[in-house]
Amino acid sequence: MSAALRQTFEQAKKQNRPAFVTFVTAGFPTPSASVDILLALQKGGADVIELGIPFTDPLADGPAIQFANTMSLEHGTDLTMCLDMVKEARSKGLTVPLVMMGYYNPVLAYGEEKMVQDCKAAGVNGFIMVDLPPEESHSFRSKCLKYGLSYVPLVAPTTTDQRLQLLSQVTDSFIYVVSRLGVTGEQKEVSRSLPDLVARIRKHTTVHLAVGFGVATREHFVQVGEHADGVVIGSRIINIIRQCTETGTDPVQAVEEYASSISARQVALVAPSGPQQVDNATYEAKADPVTQSFYELTTRFGEFGGAYVPESLVECLSQLERCFIDAKNDPAFIAEFESYYDYISRPSQLQLANRLTEDAGGARIWLKREDLNHTGSHKINNAVGQILLAKRLGKKRIIAETGAGQHGVATATVCAKFGLECIVYMGEEDCRRQALNVFRMRMLGATVIPVTAGSRTLKDAINEAMRDWVTNVESTHYLVGSAIGPHPFPMIVREFQSVIGKETKRQLQEKAGKLPDAVVACVGGGSNAIGMFYPFVNDPTVRIIGVEAGGDGADTEHHSATLSKGTPGVLHGTRTYLLQDTKGQITETHSVSAGLDYPGVGPEHAFMKDSGRAEYVVADDAQALIGFRKLTQLEGIIPALESSHAVYAAHKVAATMPKDKDIVICLSGRGDKDMHTVVEVLPTLGPKIGWDLRFETNL
């Protein structure tokens, strides 16, 4: 099957023209139109067709393909339907090679071997997996080799010569060359650096090169074809289909006419004379050329973690890892980081909550007061650490995602302190919920960009931040706020947040002469939790308890209890537990606390769950409000709604423990940011917990 791809490029070369490679999203504009569009592309002169597998979170794609994915999923398009489209198109005369293109999680959910087998049976020739670089694709590539299908790697302008040697060895058909940094989309002109990029790649391989990203016109096609063996066009085709749906015109005819105008060819469709012949042979796997990781440190926590990223980010992550290793081993860096403790307000206090303890009637409850840090949460610890790494890297533009706004405020704060440009992505719904923090960020000089896609919460903010980073990777540091994302981010965030647990261990020894019997923290992405937990991992007498957001209830569809209710998958560059459907599409989440409203979790938490070292429980919105009320009215401390989940669970656990035991809560943030939310939800949640704050009842 991969042989057909090679032969297609060779045939085009014999005809003194580049191969025309087209992209279209399966199920767009409708599943019923997809087969005719595939056939129209062939009639218009397409030599190869990339069929896009729709995914909820296509982080390397621009607005056109994002829109197509959303529409396709609204029609219920899944992998089974994609395969049926290919089968039907083949039965109606589609003869050009077809490559499935998309993101790894739907394939993982379908099953790698089943996917490759079923694709071969349907008439698929190969795969382009945007977020499955060679380091993460051993298993999938071995199955492609076994069944004779092609794994097509991507090369980006940032790909190093060393890495080009590796990528040239993992393909048996062609390499997809990303001509410019950024997401997919039409451009007005071809990248001026393309000739140099292609020449650099040619030094390492004779494999066919297909160049894409930004190509839209016949002029572009000819320009790119002077340097490449194939030219890829996708976003322009998607936009033509969209325009047709909006104007009520025929997308099939429009696609054929456009394709023909690009290729300057028309190909007659010949009906097959009999059933499609499928090569059922299997092949002996060759030795894998990827014998070691591209990274220096271990990228995984058990089976979780990794770096599932587009090729354009690999070198940046490698540079960040090297910078992190050097910084960790440099006493001058450590001294510089610790020199900002006065600025952060470290060490934070460890305080006995005597009235909360009395109310629980069991173990002594202690509060690790991260809410007293500068900016009002634990987020400043990581922000200072990463800004110092960015300084070492020479990056002067900083981007960040934020949910509750605390990480955004911390990032804006350190950017103001160090004189760096700051852009913060925040879901539109979170902007509404956390309007005060949006104002704080803007006062600090940051640009806050509301994200209107998807559920308009943290997941979508991360998607947009990743798209920005892919586009501006050479000048920009992505200051990831939680223990999520591709390696080395989970490790970096843990390193800078571990000050929480280290101080707790020392402070309780000073105050009580012992280790805590349990530590408790809320878990969304999990940065405050991993910072508290990690220093106690090798202390077997210390229970480690993470508290997830149960939303309307973990047994409903409206929650953020990823570890309790999720399944393993790949999102935002890492393998971890996710809230997803059976087809690998990410589901929407809900929590009263914006900072916990996320369908994933840090990979180290996933490992700690599966290894049994930590236990993860759930507190729903009403229970979080109980925790919020107890700490407010018993200790005079108004906690963040995120932290309130941990307060509720710790109070419940403390009640089951003897009075000579000690339990520490990571009070990750203060609650002034949440006043608007509490006022908003009290009419609904207040009656459930017996809390009525309507002014007229107090007159």
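Just so you know, these numbers come straight off a predicted model, no measurement behind them.

**Describing the overall build of the protein chain**
- Each helix and strand in the protein chain was counted, giving 29 helices and 23 strands.
- Taken over the C-alpha trace, the protein chain has a radius of gyration of 27 Å; the compact-globule value for 699 residues is 27 Å, and the two agree within 12%.
- Its C-alpha atoms give the protein chain principal-axis dimensions of about 85 × 55 × 50 Å.
- Within the protein chain, the proportion of its 699 residues that are buried is 63%.
- Of the accessible surface of the protein chain, which amounts to about 25500 Å², a share of 50% is contributed by carbon and sulfur atoms.

**Some points on the pairing of strand E21 (residues 574-578)**
- Counting buried positions along E21 yields five of five residues, so the element is predominantly enclosed.
- Two strands pair when backbone bridges link them, and strand E20 (residues 567-571) and E21 are joined in this way by five bridges, in the antiparallel orientation. Residue pairing in the sheet places Thr-567 in a bridge with Leu-578 of E21.
- From the end of E20 to the start of E21, which pair antiparallel, there are two residues, and His-572 there has a positive phi angle of about 55°.

**Quick look at the packing of helix H27 (residues 621-635) against helix H28 (residues 641-654)**
- Direction vectors running N to C along H27 and H28 enclose 85°, while the axes themselves pass 7 Å from each other. The pairing of H27 with H28 is recorded here as roughly perpendicular in orientation. Two secondary-structure elements touch here, H27 through Gln-623, Ala-624, Leu-625, Ile-626, Gly-627, Phe-628, Lys-630 and Leu-631 and H28 through Leu-641, Ser-644, His-645, Val-647, Tyr-648 and His-651.
- When its residues are assigned to classes, the contact of H27 with H28 shows eight nonpolar, five polar and one charged.

**Observations regarding the side chain of Ser-377**
- Within the secondary structure layout, Ser-377 lies in the loop between strand E13 (364-369) and helix H17 (379-393).
- Here the side chain of Ser-377 touches Lys-379 through a polar contact of 3.1 Å, landing on its backbone nitrogen.
- Sequence-distant contacts of Ser-377, defined by excluding residues within four places in its chain, comprise Glu-370, Gln-406, Ser-668 and Gly-669.

**Considering the side chain of His-407**
- The residue His-407 is located in helix H18 (residues 406-418) in this model.
- A distance of 2.7 Å separates a polar atom in the side chain of His-407 from the backbone oxygen of Leu-479.
- His-407 has contacts with Lys-379, Asn-382, Ala-400, Glu-401, Thr-402, Leu-479, Val-480 and Gly-481, leaving out every residue within four places of it along the chain.

**Structural notes on the sheet that holds strand E19 (residues 543-549)**
- Strand order in the open sheet formed by six strands is E12-E13-E23-E18-E19-E22, and the pairing between neighbours is mixed. Each end of this open sheet is capped by a strand with a single partner; those strands are strand E12 (350-352) and strand E22 (615-619). Averaged over all pairs of adjacent strands, the angle between their axes in this sheet comes to 25°, without regard to strand direction.
- Looking at chain direction, strand E18 (residues 518-522) and strand E23 (residues 662-667) are connected through three bridges and run parallel. Within the sheet, the bridge partner assigned to Val-519 lies in E23 and is Val-664.
- Taken strand by strand, H28 contacts E13, E18, E19, E22 and E23, and its axis lies near 170° from that of E23.

**Considerations on the nonpolar core**
- One finds Met-100 and Trp-469 to be the most contacted residues of the largest nonpolar core, which totals 192 residues.
- Ignoring any residue separated from it by four or fewer positions in sequence, one finds Trp-469 in contact with Leu-313, Cys-316, Leu-317, Ile-399, Thr-476, His-477, Tyr-478 and Phe-489.
- Ala-353, Ala-518, Ala-654 and Ile-663 belong to the second largest nonpolar core, which has 28 residues in total.

**Digging into the sheet that holds strand E9 (residues 230-233)**
- Read across the sheet, nine strands follow the order E5-E4-E3-E2-E1-E9-E8-E7-E6 without closing on themselves; strand pairing throughout is parallel. Unpaired on one side and paired on the other, strand E5 (150-151) and strand E6 (154-155) mark the two borders of the sheet.
- Bridge analysis of strand E3 (residues 98-102) against strand E4 (residues 126-129) gives four bridges, and the strand direction is parallel. Following the sheet pairing, Met-101 is matched in E4 by Ile-128.
- Strand contacts of helix H1 (residues 2-14): strand E1 (19-25), strand E2 (48-52), E3, E5, strand E7 (174-178), strand E8 (208-212) and E9, with the helix running at about 80° to E8, the strand carrying the most contacts.

**Description of the pairing of E4**
- Along E4, one buried face is formed by Gly-126 and Ile-128 and the opposite face, lined by Phe-127 and Met-129, is buried too.
- Taken together, the two bridges between E4 and E5 define a ladder with parallel strand orientation. Residue pairing for E5: Phe-127 is matched across the bridge by Tyr-151.
- One crossover worth recording links E4 to the parallel E5 by way of helix H7 (residues 138-147), and it is right-handed.

**Topic: the state of the cysteines**
- Enumeration according to the criterion identifies zero disulfides in this entry.
- Sulfur of Cys-316: no disulfide; nearest cysteine sulfur belongs to Cys-323 and is 11 Å away.

**Observations concerning the pattern of salt bridges**
- Applying the stated criterion across every chain yields a total of 46 salt bridges.
- Asp-359 is paired through a salt bridge with Lys-630; the nearest N and O atoms lie 2.9 Å apart. With a gap of 271 residues between them, Asp-359 in helix H16 (residues 354-360) and Lys-630 in helix H27 connect regions that are remote in the sequence.
- The class of Lys-630 is partly exposed, set by a relative accessible area of 25%.
- Close ionic contact of Arg-467 with Glu-464 constitutes a salt bridge, the shortest N to O distance being 2.5 Å. Here Arg-467 and its partner Glu-464 are both found in helix H21 (residues 458-471), three residues apart, which amounts to about one turn of the helix.
- The exposure class assigned to Arg-467 is buried, which follows from its relative accessible area of 7%.

**With respect to helix H11 (residues 235-247)**
- An ideal rise of 1.5 Å per residue puts 18 Å on 13 residues; H11 measures up with 18 Å between its terminal C-alpha atoms.
- Lining the buried residues of H11 we find E1, helix H2 (31-43), helix H3 (63-74), E9 and helix H12 (251-263).
- Once H11 ends, the next one or two residues include Gly-248, with phi positive near 75°.

**Describing the environment of Asp-371**
- One can find Asp-371 in the loop between E13 and H17.
- In the structure, Asp-371 is positioned 343 residues away from Phe-28 in sequence and 48 Å away in space, judged by C-alpha atoms.
- For Asp-371, the contacting residues outside a window of four places in its chain are Gly-376, Ile-637, Leu-667, Ser-668, Gly-669 and Arg-670.

**Regarding the packing of helix H13 (residues 314-328) against H17**
- Interaxial distance between H13 and H17 falls to 10 Å at its minimum, and their mutual angle equals 110°. Relative to H17, the element H13 is oriented roughly perpendicular. For the pair H13 and H17, the sense of crossing is right-handed. Side by side, H13 and H17 meet where Gln-319, Leu-320, Cys-323, Phe-324, Asp-326 and Ala-327 of the first sit next to Leu-389, Arg-392 and Leu-393 of the second.
- Its residues assigned to classes, the contact of H13 with H17 shows six nonpolar, one polar and two charged.

Rules used throughout
- Residues numbered from 1 in each chain as written.
- Predicted model: local features only at pLDDT ≥ 70, side-chain atom pairs only at ≥ 80, totals over all residues.
- Heavy atoms only, no water.
- Helix = DSSP H or I, 4+ residues; strand = E, 2+ residues; numbered from the N terminus.
- Rg over C-alpha atoms; globule rule 2.2 N^0.38 Å.
- Buried < 20%, exposed > 50% of the residue type's maximum accessible area, 1.4 Å probe, protein only.
- Areas by Shrake-Rupley, 256 points an atom, 1.4 Å probe, with all protein chains shown as cover.
- Pairing = 2+ DSSP bridges.
- Axes fitted to C-alpha atoms, helices over the stretch in contact; angles between N-to-C directions.
- Parallel < 35°, antiparallel > 145°, perpendicular 65-115°, else oblique.
- Contact = heavy atoms within 4.5 Å.
- Nonpolar A, V, L, I, M, F, W, Y, C, P; charged D, E, K, R; others polar.
- Polar contact = N/O pair within 3.5 Å; in protein donor to acceptor, adjacent residues only side chain to side chain.
- Core = buried A, V, L, I, M, F, W, Y, C linked by side-chain atoms within 4.5 Å.
- Right-handed = clockwise from strand over helix to strand, strands pointing away.
- Disulfide = S-S within 2.5 Å.
- Salt bridge = Lys/Arg side-chain N within 4 Å of Asp/Glu carboxyl O.
- Expected span 1.5 Å × (residues − 1).
- Left-handed = near helix turned anticlockwise from the far one by under 90°.

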